[in-house]
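# Understanding the architecture of this molecule
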Amino acid sequence: MGATLDDIEFLVSSGHRVGVLEALATGPSDRRDLCVATGASSPTMGRILTDFRERHWIERDGNVYRLTSLGEFVATQFGEFRNAMAAQRRLREVWSWLPHELEGFDSALFTDVVVSQPGPGYPYEPVERLTELFATTSTMRGFGMALLKSGNLEPFFDHVRDGLECEYIYPPTVLESLLRWDEETVLDAVRRSNYTVLLHDGLPLDERCGICLFDEAVSICCYDPETGTLQSLVDTRSDEMRTWADSHYERFRDEARALTDAADPTDATDAADRHSVDSIRRSMRSDSK
């Protein structure tokens, strides 16, 4: 173990060494270009290249240096480790808010990650990130807590009107909040064939997390369950995360019930809208699927 740790320390203790390894991972290079790419002096570069050749990480062909197959292995493994450590640094700030209780949740699901958090001087970063995800997808599925901010809800329902194919599993309390936000907009959406609302009375973490599956990304919206304060929006394009989120979505979908709306969607009278709202609220209180 000591020799292995020595090799790790040898590499990571010098930003110049890391820079040379990463530069050569993109292709062969001469000494001068490596100095420019890393900012290392010529004598420093000479020592690095000598050390790398002694470890059989590189080979020289005239003035050009390239990675050996062993060097490529080191570069690939180090790159993956560095990416993993960068991801954990971002995740550890929001780790306590993530859905650890859901079966199969693991840090290995994040092969890449974007963490958006409200800051003291600018609290809108998660809202803007979610709006960006809405704008770049043609489909959306999800369950749990939603971002109940008009900055998100307005572009979301605009996208539904433009044809976004959306199916979402709501806790009844969240759908009630949507109706209080803008009853007319929500009624218009639920009458559309591209917006399917399902209700689930027993979603785990329904006051703490909302999970959305977009065309290319999966997002986890995290709240403090005691205060309702938005903590973060975490999104990833990881295939592993999509498989995990899909499995839970399908399970909750099988357990959910359809939203009942008995009003004629072609009847735009106030009486029809009132009937529609009453029907929705009866469905929200129903114990049957």
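Keep in mind that this is a model prediction, so the values were computed, not measured.

## Re the overall build of the protein
Along its length, the protein carries eleven helices and eleven strands. For the protein, the proportion of its 289 residues judged to be buried stands at 45%. Counting contacts in the protein only where the partners sit at least 6 residues apart, residues at least 24 apart contribute 68% of the total. Carbon and sulfur atoms provide 48% of the accessible area of the protein, an area that totals close to 15100 Å².

## Considerations on the confidence of the model for the protein
Within the protein, residue pLDDT values average 87, and 90% of them lie at 70 or more. Counting contacts from residues 262–269, a segment whose pLDDT is below 50, to residues more than four positions away or on other chains yields seven contacts.

## Comments concerning a nonpolar patch on the surface
A cluster of nonpolar residues, Leu-5, Ile-8 and Val-12, forms a patch on the protein surface that exposes about 260 Å² of accessible area. Assignment of secondary structure puts Val-12 in helix α1 (residues 2–12).

## A few points about the pattern of salt bridges
Applying the stated criterion to the full structure yields 15 salt bridges. Among the salt bridges present, the one from Arg-253 reaches Glu-167, with a minimum N-O distance of 2.5 Å. In this pair, Arg-253 is assigned in helix α10 (residues 239–255) and Glu-167 in strand β6 (residues 165–170), connecting sequence segments 86 residues apart. Since its relative accessible area comes to 35%, Arg-253 is described here as partly exposed. Within the structure, one salt-bridge network assembled from shared partners comprises Arg-129, Glu-132 and Asp-235.

## As for the pairing of β6
Burial of β6 is extensive: five of the six residues sit out of reach of the surface. Bridge analysis of strand β5 (residues 139–144) against β6 gives five bridges, and the strand direction is parallel. Counted as the bridge partner of Gly-142 is Tyr-168 from β6. In the sheet, β6 pairs with strand β7 (residues 195–199) via five bridges, with the strands oriented parallel. Note that in β7 the partner of Glu-167 across the bridge is Thr-196.

Analysis parameters
- Throughout this document, residue positions are counted from 1 along each chain, in the order its sequence is written.
- Reporting of local features is limited, given that this is a predicted model, to residues whose pLDDT is at least 70; pairs of side-chain atoms are given and counted only at 80 or more, and all residues count toward the totals for whole chains, interfaces and linings.
- Only hydrogens and water are set aside when side-chain values are computed; all heavy atoms of the structure are taken into account.
- Note on conventions: DSSP H or I runs of at least 4 residues are helices, E runs of at least 2 residues are strands, and numbering of each starts at the N terminus.
- Relative accessibility thresholds used throughout: buried, under 20% of the residue-type maximum; exposed, over 50%; partly exposed, between the two (1.4 Å probe, protein chains only).
- Any two residues having at least one pair of non-hydrogen atoms within 4.5 Å are treated as being in contact.
- Method for areas: the Shrake-Rupley scheme with a 1.4 Å probe, in which residue coverage is limited to the protein chains shown.
- What pLDDT reports is the predictor's confidence in each residue, on a scale of 0 through 100.
- Patches draw on residues past 30% relative accessible area with no salt bridge. Two like charges within 9 Å are joined, as are two nonpolar side chains (Val, Leu, Ile, Met, Phe, Trp, Tyr) within 5 Å.
- A pairing counts as a salt bridge when a side-chain nitrogen of Lys or Arg comes within 4 Å of a carboxyl oxygen of Asp or Glu.
- Each pair of strands is called paired provided DSSP finds at least two bridges between the two strands.

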